[in-house]
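Examination of the molecular architecture
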Amino acid sequence: MIVLSILGSLAVIGVLCWLLFTLAVFALPFFLGLAAGTWAHGTGAGWLGAVIVGLVAAGATFTTGQLLLALVRPLWLKLVVVLAFVAPAVIAGYAATHGIVKHTLPSEAWQFVFSGVGAVAVGIVAFVRLTALIPSEPPGRGITRA
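Residues numbered from 1 in each chain as written. Predicted model: local features only at pLDDT ≥ 70, side-chain atom pairs only at ≥ 80, totals over all residues. Heavy atoms only, no water.

Thoughts on the environment of V56
- In this fold, V56 is placed in helix α3 (residues 46-71).
- Classification of V56 as exposed rests on a relative accessible area of 55%.
- Distance in space between the C-alpha atoms of V56 and G33 is 7.3 Å, their sequence separation being 23 residues. (Helix = DSSP H or I, 4+ residues; strand = E, 2+ residues; numbered from the N terminus. Buried < 20%, exposed > 50% of the residue type's maximum accessible area, 1.4 Å probe, protein only.)

Following this line, the structure appears as C-alpha cells:
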C-alpha cells in the first residue's frame, strides 16, 4: 500500500511538471489576465465581469505577442518579445519547483538550488517553445511580384 502511495505521488508530480512545462508559454497572459480580473472585481464589476475582463486581457496579451513575433522584423526586437514571455515563466517555474522541494528537502540551501535549476529548466523550455512559434521567413518575402 505504501509503494502504491509513493508511485501515485510520483505520477501526480510528473503530470504537474509536464503541465508546468506545457503551460509555461502562457504565464505572461495568465498573470496579466489575473491582474486585470482582480482589478475589475475590485472596481465593482462582480465575479462574472472580472472573469470576462481577465479572459479578454489574457487573450489580447497572447494575440499581441503572436502578432509581434510574426510582424516585427529585427531579430533583437523579437528576442525582447520572447524574453517578455519567458521572464514570468521562469518565475512560475521557480515557485512551482520551490513548492515541491520544500516538502522533500530539509536544507534551505538545497531548496534554493533545486528551485533555481527548475526555474532555468522551465525558462529554457518556454524559450524554445516561443522561438518555435517565430516564422522562419518574414511576411511578404515569399510573394513574387510581376
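As for the side chain of T61
- In this fold, T61 is placed in helix α3.
- In this structure, T61 is in contact with L28, P29, L32 and F85, ignoring residues within four places of it in sequence. (Contact = heavy atoms within 4.5 Å.)

Describing the packing of aromatic side chains
- Evaluation of the coordinates by the stated rule reveals three aromatic pairs.
- Plain terms: the ring middles of F26 and F62 are 5.1 Å apart, the flat faces sit at 50° to each other, and that makes the pair tilted. One end of the pair, F26, is in the loop between α1 (2-23) and α2 (27-42); the other, F62, is in helix α3, with 36 residues separating them in the sequence.
- A residue is classified by how much of its surface remains accessible, and F26, at 37% relative accessible area, is partly exposed.
- Seen in terms of ring centroids, F30 and F31 are 6.0 Å apart; in terms of plane orientation they differ by 55°. Their pairing is tilted. (Phe/Tyr/Trp six-rings, centres within 6.5 Å; stacked < 30°, edge-to-face > 60°.)

Considering the side chain of Q111
- With respect to the secondary-structure elements, Q111 resides in helix α5 (residues 108-132).
- Q111 sits in the buried class, given a relative accessible area of 9%.
- Aside from chain neighbours lying at most four places away, what touches Q111 is H98, V101, K102, L105 and P106.

Quick notes on the layout of surface pockets
- The volume enclosed by the largest pocket comes to roughly 220 Å³.
- Forming the boundary of the largest pocket are 15 residues, of which C17, L20, A96, T97 and I100 lie nearest the centre.
- Breaking the lining of the largest pocket down by element, the ones donating at least two residues are α1, α4 (75-101) and α5.
- It is α1 that contributes the most residues to the lining of the largest pocket, six residues altogether. (1 Å grid on protein atoms, 1.4 Å probe; cavity = no way out; pocket = protein on both sides within 12 Å on 5 of 7 lines; lining within 4 Å. Points joined across faces, edges and corners; volume = space filled by probe spheres on them.)

Concerning the environment of A50
- Among the secondary structure elements, A50 is positioned in helix α3.
- For A50, a relative accessible area of 9% gives the class buried.
- Considering only alpha carbons, one finds A50 and T64, 14 residues apart in sequence, at a separation of 21 Å.
- Aside from chain neighbours lying at most four places away, what touches A50 is G37, A40, H41 and A45.

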